[in-house]
Amino acid sequence: MKAFLRGRIRSFGPAFLGIYSLIRLENNAIIHLAATLAAIILGLLLRLALSEWLWIILSITLVWITELLNTAIEKLSDLVNSDTHPQIKIIKDLSAGAVLMSALFAIIAALLIFLPRLFA
């Protein structure tokens, strides 16, 4: 049983390395990190309700997941074909579009939650 648990705990290592690599290598991840920290700090200062926190956490998580997947798709696409290929361009554009959609969702959620509290 201990070996099983140790194996499960060790399996988190590559996942954390992936997140660290994203932050270290991708400029957009720094923007996401700053927005994440700003949303958390503002949420704490404004004492958000549990339901509001759920939307903020969902938004943050969605943006990070799509950015991780987008970066993985881009890196894999570059590995498969380093030249500009029309199909790979479409694939990269689609994955970038997913990040944009999640970021817009996060912005709308943040505006709906934070603006009424800031201007009440």
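Let me begin by describing the structure that accompanies this report. Numbers given for residues are sequential positions, taken from 1 along each chain in its written order. Where local features are concerned, this predicted model is filtered to residues with pLDDT of at least 70; where side-chain atom pairs are given and counted, the filter is 80 or more; whole-chain, interface and lining totals use all residues. Water and hydrogen atoms play no part in the side-chain values, which are based on all heavy atoms of the structure.

### Points about helix α3 (residues 27-45)
Next, step 1: The numbering of helices and of strands both runs from the N terminus, where a helix is a DSSP run of H or I of at least 4 residues and a strand a run of E of at least 2. By this rule, a helix spans an expected 1.5 Å times one less than how many residues it contains. Over its 19 residues, α3 runs 28 Å from end to end, which matches the ideal 27 Å to within 8%, given 1.5 Å per residue.
Next, step 2: Within α3 the residues assigned to the buried category are Ala-29, His-32, Thr-36, Ala-39 and Gly-43. Each buried residue of α3 lies within a common arc of 85° when the element is viewed along its axis, so the set occupies one face. Among the exposed residues of α3, those pointing more than 90 degrees away from its buried face are Asn-27, Ile-31 and Leu-45.
Next, step 3: Any two residues whose heavy atoms approach within 4.5 Å at even a single point are treated as in contact. Each element contacted by the buried residues of α3 is listed here: α2 (12-25), α4 (50-80) and α5 (86-118).
Next, step 4: One or two steps after α3, the chain reaches Arg-47, where phi turns positive at roughly 50°. Each residue is assigned to one of three classes by its accessible area relative to the maximum for its type, calculated with a 1.4 Å probe on protein chains only: buried under 20%, partly exposed between the two thresholds, exposed over 50%. Think of the arc as the fan of directions from the helix axis to the C-beta atoms.

### Overview of the nonpolar core
Next, step 1: In this structure, Leu-22, Ala-29, Ala-39, Leu-46, Leu-48, Trp-53, Ile-56, Ile-60, Trp-64, Ile-113 and Phe-114 together form the largest nonpolar core, which totals 11 residues.
Next, step 2: Mapped by element, the contributors of at least two residues to this core are α3, α4 and α5.
Next, step 3: The dominant element in this core, judged by the number of residues it contributes, is α4, at four residues.
Next, step 4: Not counting residues up to four positions away in its chain, the partners in contact with Trp-64 are Leu-22, Ile-23, Ala-29, His-32, Leu-33 and Thr-36. Nonpolar cores were defined as sets of buried Ala, Val, Leu, Ile, Met, Phe, Trp, Tyr and Cys residues, with membership established by side-chain atoms within 4.5 Å.

Coordinates in, geometry out; function isn't part of it.
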